[in-house]
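Summary of structural features
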Amino acid sequence: MVNCRCGLLTLKQEPVPLKSVEVEVEVRDHVATVVSTLNYGNQEDNPLEAVFVFPLPGDAAVCHFSAKIGQTEIVAEVKEKQKAREEYDDALSSGQQAFLLEESEQSPDIFSLSVGCLPPKESASIRLEYVTELAVQADDGLRFCLPAVLNPRYQPQGSGDQGGSNIQMTSIPASKVPYSLSFCAHVSSPRPVVKIESNCSLDPLQYLNTEQTQATTKLAAGHKFDRDVEVLIYYKDAHQPTAVVEAGEASAKPGTLMGDPAVMLSLYPEFPQSVMSSVASCGEFVCLLDRSGSMGVQLNNSENHQSRIGSARDTLLLLLKSLPLGCYFNIYSFGSRYKHIFPKSVEYSQKTMEEALKKVGEMGANLGGTEILRPLQHIYSQPCIQNQPRQLFVFTDGEVQNTKEVINLVKKNSHLHRCFSFGIGEGASSALINGLAKEGGGHAQFITGTDRMQPKVMQSLRYALQPAVIDVSVSWELPKDVSVSVLSPPITALFQGQRSLVYAQLSGQIPEAAEGSVTVKYTLAGQPLQNRFNFSLKPAEDSGLTVHRLAARALIRSLEMENRESKDQQDESVKKKVVELSVQSGVNSVFTAFVAVNKGDGEAIQGPLVRRNVPTPMYMTSSMKVRRCGRLGATKFGRKSKRSLTAGGSPSEMLENCAMPSRVLRGCNLSSSDAGICSLLNMDEHMFGPSKPPMDPLLQLVSLQKASGCWDLAPDLAAAVGKTSEEVEKQKPALVSQEVWATILSLIWLHGFKMDSKDEWELLAMKAVSWLQAQNVSCVEECVDAGNALLGCKVQKDALGL
């Protein structure tokens, strides 16, 4: 056997120098510290440069990067990006071992790791550490996601390069990844850990103390890279405000971010029940649905084998039925181009709802790429409707390359709307989904594994139907001679049960046993409200510099956004601030990179340097191998290298490698020479139009509800509740109209058989109850008794809201 064919192989029969990835996660309350160890080995006869493009959480603060070769450990430094690249290139040109870690200039959730001049038969371990906040889900779980799958990101036509050579990213089906992953998590909190769930198989949870405030778990044996590793952590009494004060770094200069104490406040505002129980009867609801080819992929949901687009269609049905009378709405869909159902938003009525549902039912994953910027620009160009607050719902699998440009557009228009985003499927960009919601003053949700999209979307619709919180301010009360500098952007959105984080730097002499307080003031539904929180200023023990690094990351992201908003292409003063802060804190930014050079004994490594692109797992079904074959993509980090890099191939060669993705980072500007594969990329309607699995009984009943909230007494309704038309007609009380009887019967069926899905139908049931109350029905009790007798239920009238 030839040496260059030994070891792990790619689909091209090239050796893979990355052998394994080991991940250890330490979760403290709602913050995670993640240590990843990447083990490399060169089994070839020449020195290697191994390049690995991989995802990280979009809000992660990378704070440590080091390499160990034999007994020698080299710790990387953070430097201005171009200087770091030049230092790396110079080292490789001199035959020295070097390591470079840099963030994508287009999307903050993608990184490139270059391991240069790894000698023959040599091994190296790369240690990467980052800290990240855990997002609160609708069911109060804290979500940690280890991105394992990096889906191809679509490069919009005409977006243009910004100079530099391409760094090629090689993607392969997740099931074919040739390196292993081990994962373990340690969780600790002041409150008991109730349970830990995951979309992957975990070993049983082990508690480490009798109070059950510490627990550990790990991935079960045999895990494959076919999905991101998502872990949901549930604490007892999770909705408690907390504050963590952290002492500054002893070696850092006082008065700097790293030298002064830092505080992280976790705020949970509580709204009056009178406001929370009311639902708005107005608003402009605009849905933006991704119809790119990747939306045709099956959700990782073995129950009904439904595609992403199929689940989205069902969800839009539920959402449209739940909208209040008197509101306005429109539905956009996009791929390489975009469409809208109505030229402008229309008033919600039976006629417009039926027209919209008809067109939604015809939607397939057949619009090509993922160009989300242009439909957003069109939506924002439409004038807002007076007294109808705009609520934007974005459904996408997040395979977008120009992430920062999209988020910047949403922020510029944040005063005009609230944006609720939904990341669908494995590998959805956390930077895009979270960024849309954060800058749009809304809420983000991820639909992965066996998750149902409907309850998550309905949770966001509840938020959208709540009055917007305005005039948010945060005031501090601290001991004399202690001052505070807030590092986080101002809070612009507050939701019941959702956490808001505030980072701040404390200056001055803090007395022992001192306390501080924070008051959050805001206006909700015309009422001035406030929540006050007292906390100790005593620094936490053993917290490391986690709070400082997260605070630095928050400030860096704000400055980067300010730089993108600048009229100049590059605001040098802002860039200088970011570089200084990044170097001082040791936290990554778009303008800096981690670089390490092993000068060793000064002897140059001999032999021609061979480049190996470590394959990245991509979630892909067998059918996608046909749909997504084509141009081999390349990801670009704006890097000019002194070494020539080659990529691509003839169209015929590309078609032979169908397992490779057609749309990878910065790799989808098809030229006329690609005509032979364009039809495959465009995905014609016949192959990838809507699939029609049998409709779920709940959705069947929901589909029959009128915009007003009532149901007609029809054969389809009888079938939906499992009865014949004759049985339903026979049981109807004599003095009751058919619509009243059908509506009460539907409500009884929902309460009697679908209570486990109440989150999905609660809003449309409220609309039905409102309609019934407006009818002034005199014999509700008799109708409920008759309905219970027919359906075999025991639902009480009060339970129905009547």
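Scroll up for the structure.
Residues numbered from 1 in each chain as written. Predicted model: local features only at pLDDT ≥ 70, side-chain atom pairs only at ≥ 80, totals over all residues. Heavy atoms only, no water.

**Description of the overall build of the protein**
Threshold: A helix here means a DSSP run of H or I that spans at least four residues, while a strand means a run of E at least two residues long, and both kinds are numbered starting from the N terminus. Only protein chains enter the accessibility calculation, which uses a 1.4 Å probe. A residue is then buried if its area is under 20% of the maximum for its type, exposed if over 50%, and partly exposed in between. Contact definition: two residues touch when any of their heavy atoms are within 4.5 Å. Values of accessible area rely on a 1.4 Å probe in the Shrake-Rupley scheme; residue burial ignores everything except the protein chains shown.
Counting secondary structure elements, the protein contains 20 helices and 36 strands. Burial analysis of the protein (802 residues in total) assigns 58% to the buried set. Of the contacts formed within the protein by residues at least 6 apart in sequence, a portion of 76% connects residues at least 24 apart. Here the protein has roughly 32,100 Å² of accessible surface; of this, 49% comes from carbon and sulfur atoms.

**What about the pairing of strand β17 (residues 214-218)?**
Using the following cut-off: Should DSSP find at least two bridges between two strands, the strands are regarded as paired.
Alternating positions in β17 separate cleanly, A215 and T217 being buried on one face and Q214, T216 and K218 remaining unburied on the opposite face. As judged from the 5 bridges shared by strand β14 (residues 180-188) and β17, these two strands associate in the antiparallel manner. Following the sheet pairing, V187 is matched in β17 by A215. As judged from the 2 bridges shared by strand β16 (residues 206-207) and β17, these two strands associate in the antiparallel manner. Note that in β17 the partner of Y207 across the bridge is A215. Hairpin connection, β16 to β17: the antiparallel pair is bridged by 6 residues, and Q212 has positive phi, about 60°.

**What to know about the side chain of N199**
Definition in use: In protein, a polar contact means a hydrogen-donor-capable atom and an acceptor-capable atom, both N or O and within 3.5 Å, with residues adjacent in sequence counting only if both atoms are side-chain atoms; elsewhere, any N or O pair within 3.5 Å suffices.
Positionally, N199 belongs in the loop between β15 (193-198) and β16. The buried category is assigned to N199, whose relative accessible area is 15%. For N199, the side chain forms a polar contact with the side chain of S198, separated by 3.5 Å. Within the local environment of N199, its side chain forms a polar contact with the backbone nitrogen of E230, the two atoms lying 2.8 Å apart.

**Section: the pairing of strand β25 (residues 390-396)**
Where burial is concerned, most of β25 is hidden: 7 out of the 7 residues are buried. Of the two faces of β25, the one carrying R390, L392, V394 and T396 and the one carrying Q391, F393 and F395 are both buried. Summarising the sheet, strand β21 (residues 284-290) and β25 pair through 6 bridges and their orientation is parallel. For V286, the partnering residue across the bridge sits in β25 and is L392. Relative to strand β26 (residues 417-424), β25 runs parallel, the two sharing 7 bridges.

**A closer look at the side chain of T217**
Tracing the chain through its elements places T217 in strand β17. Each residue touching T217, except ones within four places of it in the same chain, is listed here: C184, A185, I196, L202, D203, P204 and L205.

**Thoughts on the nonpolar core**
Stated precisely, the cut-off is as follows: Residues belong to a common nonpolar core when they are buried Ala, Val, Leu, Ile, Met, Phe, Trp, Tyr or Cys residues joined through side-chain atoms within 4.5 Å.
Counting residues in hydrophobic clusters, the biggest one holds 81 residues, and the most contacted among them are F285, L323, F329, I331, F393, F395 and L461. At 9 residues, the largest contribution of residues to this core is made by helix α18 (residues 738-753). Excluding residues that lie within four positions of it along the chain, L323 makes contacts with F285, F329, Y348, L461 and K767. A76, L101, L118 and L146 belong to the second largest nonpolar core, which has 59 residues in total.

**Looking at the environment of V245**
Here V245 lies in strand β19 (residues 242-246). A relative accessible area of 3% places V245 in the buried class.

**Details of the packing of α18 against helix α20 (residues 780-791)**
Rules: For helices, the fitted axis covers only the stretch in contact; all axes are lines through C-alpha atoms, and the angles between them, taken along N-to-C directions, range from 0 to 180 degrees. Oblique is the label for any angle not under 35 degrees, not over 145, and not in the 65 to 115 range, which are roughly parallel, roughly antiparallel and roughly perpendicular in turn. Take the far helix as your reference; a near helix turned counterclockwise from it by less than a right angle gives a left-handed crossing, and one turned clockwise gives a right-handed crossing.
Two elements in contact, α18 and α20, have axes separated by 9 Å at closest approach and are oriented at 55°. With respect to their mutual orientation, α18 and α20 come out oblique. In this structure, α18 crosses over α20, and the sense of that crossing is right-handed. Mapping the contact onto sequence places W741, I744, L745, I748, W749 and F753 in α18 and C783, V784, A786, G787, N788, L790 and L791 in α20.

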